[in-house]
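The primary structure of each chain is shown beneath.
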Amino acid sequence: MTSIPGPVLAAPMAGGAGTPALLAACGGGFLAAGYLTPAALASRIASVRAAVRAGGGWFGVNLFAPPEGPVGDLAAYADELAPEFAVYDLAPAVPAGADDDHWAEKLDLLLTDPVPAVSFTFGIPSASTVAALRRAGTLVLQTVTTPPEAAAAAAAGVDALVVQAPAAGGHSATLSPSAPPTVPVPLPDLVAAVRAAVPLPVVAAGGIATSADVAAALHTGATATMVGTALLRTDEAGTSAPHRAALESASGWPAHGTVVTRAFTGRPARALRNGFIDRHDATAPLGYPQVHHLTAPLRRAAAAAGDTDRVHLWAGTGHRQAATGPAAAVIATLTASL
């Protein structure tokens with residue numbers, strides 16, 4: 001079983017921003033399995049394995065564990081969003097049935113063709129699942145946002161924790177989406193609190209934008225750090241053109257920063273504030289991935305049209321430090337003071 005390399009890893013970014021080339025350029029990180037079919041995941045693993053290992057790097061795969069929790073009034077939200085959809089001659093449709101993101105099939109793939117590490121987000125897998133992956137030689141990590149979540153993950157038998165601070169961009173890994181962490185705990189303080197509660201290795205994530213941020217997380221006992229927003233504008237990232245444009249001009253956005261919203265996916269996520277959030281955040285229901293599927297056609301159309309007002313623009317609080325150019329240069333900058 002491998003150990004966690006450091007000091008900086010690429011975070012899993014589902015939906016396109018994370019690419020095999022990005023992981024290779026960073027020297028390693030986590031491939032996002034979210035939203036991929038099992039066949040697409042197998043193909044992506046093969047690409048990442050070839051790209052990362054050719055450079056002597058390391059990689060893992062991140063899975064979305066099937067979330068649990070209440071689902072709000074999807075029909076009412078669909079009616080509310082109808083005028084947004086009409087801009088692109090579309091009509092919202094409430095998704096039918098459940099969606100576990102091919103959970104069982106992806107686990108089977110990772111047990112049949114093991115990878116160095118697997119991390120879980122949104123839910124903690126069963127102890128038997130953790131044990132099976134460990135028997136296959138895979139390092140198992142759980143993403144947590146509080147010391148109690150860390151204790152629950154440790155009870156399931158995981159090898160290490162990814163500790164995510166509230167400053168992180170994209171989805172919060174909270175196990176309680178109806179009551180996510182609201183206190184802006186600095187990452188070093190959160191790492192220290194988790195390490196005091198649970199004696200497991202920690203990868204620190206959320207709000208890391210400078211070499212000082214990396215050093216602070218490592219100083220409080222993290223084995224490694226993980227960055228996502230810092231890589232969104234790099235050459236190797238698969239970030240969409242509208243997303244790149246929004247990050248470039250973020251200083252002119254309302255409120256000059258990011259907000260946590262469930263308007264796009266039904267689960268709290270940090271994004272650059274835009275009109276869609278202003279119009280619908282207050283009324284958006286809980287319900288992931290149902291709301292994600294409801295809004296997906298609108299977001300695809302908006303992205304294709306370059307409409308940054310109706311697309312999710314995931315970004316952490318350190319987005320202003322996100323640099324353009326090669327990802328390797330960004331990693332070098334983040335580790336310069338170590």
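For the structure, check the block above.
## A word on the packing of aromatic side chains
Okay, step 1: Inspection of the entire model under this criterion finds eight aromatic pairs.
Okay, step 2: Judged by centre distance (5.6 Å) and plane angle (80°), the ring pair of Phe30 and Trp58 falls under edge-to-face. Linking Phe30 in strand β2 (residues 28–32) with Trp58 in strand β3 (residues 58–64), this pair joins segments that are 28 residues apart in sequence.
Okay, step 3: A relative accessible area of 10% means that Trp58 is categorised as buried.
Okay, step 4: With centroids separated by 6.4 Å and ring planes inclined at 80°, the aromatic side chains of Phe64 and Tyr288 adopt a geometry described as edge-to-face. Of the two residues, Phe64 sits in strand β3 while Tyr288 sits in the loop between α10 (275–280) and α11 (290–305), which places them 224 residues apart along the sequence. In terms of burial, Phe64 and Tyr288 fall into one category: buried.
Okay, step 5: What links up through ring pairs into an aromatic cluster is the set Tyr35, Phe64, Phe122 and Tyr288.
Okay, step 6: It is Arg267 that lies over the ring of Phe122; its NZ or CZ is 4.0 Å from the centre.

## Overview of the nonpolar core
Okay, step 1: Of all hydrophobic cores here, the largest spans 64 residues; its most connected members are Ile45, Val61, Leu63, Leu161 and Leu231.
Okay, step 2: With residues up to four places along the chain from it excluded, the contact list for Leu63 reads Ala33, Trp103, Lys106, Leu107, Leu110, Val118, Ser119, Phe120 and Thr121.
Okay, step 3: Ranked by size, the runner-up nonpolar core spans 16 residues in total, among them Tyr77, Leu81, Phe264 and Ala284.

The rules we used
- Residues numbered from 1 in each chain as written.
- Predicted model: local features only at pLDDT ≥ 70, side-chain atom pairs only at ≥ 80, totals over all residues.
- Heavy atoms only, no water.
- Phe/Tyr/Trp six-rings, centres within 6.5 Å; stacked < 30°, edge-to-face > 60°.
- Helix = DSSP H or I, 4+ residues; strand = E, 2+ residues; numbered from the N terminus.
- Buried < 20%, exposed > 50% of the residue type's maximum accessible area, 1.4 Å probe, protein only.
- Lys NZ or Arg CZ within 6 Å of the ring centre and 35° of its normal.
- Core = buried A, V, L, I, M, F, W, Y, C linked by side-chain atoms within 4.5 Å.
- Contact = heavy atoms within 4.5 Å.

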